[in-house]
Amino acid sequence: VVGDISCNQQLQEEEQQIDEYEFDFEDLVLDFGAEHDIFRFIVKLPPPKPLDELVLSAQVPLLSSINQPTLVLDLDETMVHCHADYVNNADHVFQISQCQTELTIYAKKRPFLDSFLAKCSEMFEIIVFTASERYYADRLLTLLDPQGKWFKGRIFRDSCVNVHGIYIKDLRVLRRDLSRVILVDDSPHTYGYQIDNGVPI
């Protein structure tokens, strides 16, 4: 998926940053289509980091301005499907610069996405939390919501927790009451630290 494109150098840097925990992941071959593998991964997650050690670069409103519960939405494969190869009848086509190369991205929205966002924005504060890189996701989110009506916050890969190359979305970066937070995501492993808040799609 486009949001996972990285240069070799970026991959090497991320591998060096992987947390050094005493957990045995070597015998765990992840097949995220298999429910038992997802839960084996979640059970083996290292303890969550203290909040002050998380990368708190999330673009979210101040808590004092929020009265609604928070609906957190994943981006790729939840709201859209994107590809660097030609896609017939794409809803959005845009260019990004990646590794000194210009890529054309073709984006297809999930059917009825606009209606869903319009309705949910009446009931929830909507924040997007994606494991994709900012340079790609920020551009796409602006295309999906050009007037800024729906997405009240944007959180990117740099705010995820990297556990052996898997990006986990620790919802504490929101600084919200988690009893009033829902995360909708196509990858259940991403909400392994707050599994009760996750809704798989």
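The model shown is predicted, which means the values in this text are computed figures rather than measured ones. (Residues numbered from 1 in each chain as written. Predicted model: local features only at pLDDT ≥ 70, side-chain atom pairs only at ≥ 80, totals over all residues. Heavy atoms only, no water.)

Our next topic: the packing of aromatic side chains. Between two aromatic rings, the relevant description is the distance of the centres plus the angle of the planes. Evaluated as defined, the whole model comprises two aromatic pairs. Judged by centre distance (5.4 Å) and plane angle (75°), the ring pair of Tyr86 and Tyr106 falls under edge-to-face. Note that Tyr86 is positioned in the loop between strand 2 (80-83) and strand 3 (92-98) and Tyr106 in strand 4 (residues 101-109), a separation of 20 residues in sequence. Judged by its relative accessible area of 60%, Tyr86 falls in the exposed class. When its relative accessible area of 16% is taken as the criterion, Tyr106 is described as buried. Taking 6.3 Å as the distance between ring centres and 25° as the angle between the ring planes, the aromatic pair formed by Phe94 and Tyr136 counts as stacked. Of this pair, Phe94 sits in strand 3 while Tyr136 sits in helix 4 (residues 134-144), placing them 42 residues apart in sequence. (Phe/Tyr/Trp six-rings, centres within 6.5 Å; stacked < 30°, edge-to-face > 60°. Helix = DSSP H or I, 4+ residues; strand = E, 2+ residues; numbered from the N terminus. Buried < 20%, exposed > 50% of the residue type's maximum accessible area, 1.4 Å probe, protein only.)

This part takes up the pattern of salt bridges. The tally for this structure, following the rule as stated, stands at nine salt bridges. A salt bridge links Asp74 to Lys169; the nearest nitrogen and oxygen atoms lie 2.9 Å apart. Placement of Asp74 in the loop between strand 1 (70-73) and strand 2 and of Lys169 in the loop between strand 8 (166-168) and strand 9 (181-185) is noted, with a sequence separation of 95 residues between them. For Asp74, a relative accessible area of 5% translates into the label buried. Of the residues examined, Lys169 reaches a relative accessible area of 1% and is grouped as buried. Among the ionic pairs, Asp138 bridges to Arg154, the shortest N-O distance being 2.5 Å. Remark: Arg154 occurs in strand 6 (residues 151-155) and Asp138 occurs in helix 4; sequence separation between them is 16 residues. Under the relative-accessibility criterion, Arg154 is labelled buried at 15%. Salt bridges sharing partners connect three or more residues here, namely Asp74, Lys169 and Asp185. (Salt bridge = Lys/Arg side-chain N within 4 Å of Asp/Glu carboxyl O.)

Another aspect to go through is the sheet that holds strand 9. Pairing is parallel across the open sheet formed by five strands, whose spatial order is 6-5-1-9-10. Because the sheet does not close on itself, it has two edges, and the strands there are strand 6 and strand 10 (198-200). For this sheet, the mean angle separating the axes of adjacent strands, direction not counted, is 25°. Relative to strand 9, strand 1 runs parallel, the two sharing four bridges. By the bridge assignment, Val72 is partnered in strand 9 with Leu183. (Pairing = 2+ DSSP bridges. Axes fitted to C-alpha atoms, helices over the stretch in contact; angles between N-to-C directions.)

The values are spatial; any link to function lies outside them.
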